[in-house]
Every structure is written in C-alpha cells, then in structure tokens.
Amino acid sequence: MSLTVIAELLAKPGQEDRLRTALEAMIEPSLDEPGCLTYRPYVDPNEPARMVVVEEWTGPEALTEHFAAPHFQHVRQVLDLILAVPMTVGTFTPTKFDG
C-alpha cells in the first residue's frame, strides 16, 4: 500500500529562497529513488516562508530508505540552519470508500 507524506516547513525570515532551493534540489534525486512515485514542493502564496512537500512512496520501506539517503541527510543539515521551527512530517495511507 502506498504512503503519502506531507512535510511542512517554515523558513526563518530571509531564508525563503534558500529553503525553496533546497527543496527543489531534492526533486530529481528523490524521484530517482526506488519506490518514489511523487515528490513535489509547494509554497504558500500568502506566506512565502511556509512550504510543504507532498511525496508518495510505494511503502514504508521505501520511505525509510529515503530518510537514509545521502541527499536527504544533506538537506536535513541545511534545514537545521534555515528553518524557524522543526519540520513536521505526516504520513498517510489511502482510504477505501465503498459506495
């Protein structure tokens, strides 16, 4: 069963461009990972410091491997320097509607 991940991030004042660049740099290497179905960052049009990344993975094993990947470890170090608050990550599975 696939997993959808929504990561929420808030840049420190003046760090919005750096956050956007860091998230965009994650697109290609993440999509190249086995098990990555979707990886897309979004910016809040009303609050440019607030961004989310919506990801879809084939399962929990693929997500665990993503968190261990060198490009994720690198961006994690960058995020530690530029985020106003720690990143929050929510993991969701599809619901099944009968009807």
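Reference entry: report on the structure contained in this document. All figures in this text were calculated on a predicted structure; none of them were measured in a lab.

### Description of the overall build of the chain
- Summing up its helical and strand segments, the chain has four helices and four strands in all.
- Secondary structure elements of the chain, listed N to C terminal, follow the sequence β-α-α-β-β-α-α-β.
- Taken over C-alpha atoms, the radius of gyration comes to 14 Å for the chain, in line with the 13 Å a tight globule of 99 residues would show.
- Projecting the C-alpha coordinates of the chain onto the three principal axes gives extents of approximately 45 × 35 × 20 Å.
- Here the chain, with 99 residues, has 35% of them falling under the buried criterion.
- Across the chain, every contact between residues at least 6 apart in sequence was considered, and the portion connecting residues at least 24 apart equals 68%.
- For the chain, the accessible area works out to roughly 6200 Å², and carbon and sulfur atoms hold 56% of it.
- Counting 7 positive and 15 negative side-chain charges, the chain places the averaged centre of each group 6 Å from the other.

### A look at helix α3 (residues 60-68)
- The complete set of buried residues in α3 reads A62, L63 and H66. Projected down its long axis, α3 carries its buried residues within an arc of 100°, all on one side. α3 presents E61, T64, E65 and A68 as exposed residues on the side facing more than 90 degrees away from its buried surface.
- Buried residues along α3 sit in contact with β1 (3-10), α2 (27-31), β2 (36-44), β3 (47-57), α4 (70-82) and β4 (88-92).

### Looking at the environment of T58
- Along the chain, T58 falls in the loop between β3 and α3.
- Owing to a relative accessible area of 42%, T58 belongs among the partly exposed residues under this scheme.
- Once the C-alpha coordinates of T58 and A11 are considered, the two residues, 47 residues apart in sequence, prove to be 29 Å apart.
- With near-sequence residues (within four places) excluded, T58 lies in contact with M1, S2, G35 and L37.

Criteria and cut-off values
Residues numbered from 1 in each chain as written. Predicted model: local features only at pLDDT ≥ 70, side-chain atom pairs only at ≥ 80, totals over all residues. Heavy atoms only, no water. Helix = DSSP H or I, 4+ residues; strand = E, 2+ residues; numbered from the N terminus. Rg over C-alpha atoms; globule rule 2.2 N^0.38 Å. Buried < 20%, exposed > 50% of the residue type's maximum accessible area, 1.4 Å probe, protein only. Contact = heavy atoms within 4.5 Å. Areas by Shrake-Rupley, 256 points an atom, 1.4 Å probe, with all protein chains shown as cover. Lys, Arg positive; Asp, Glu negative; His and termini not counted. Charge placed at Lys NZ, Arg CZ, Asp CG, Glu CD. Arc of directions from axis to C-beta.

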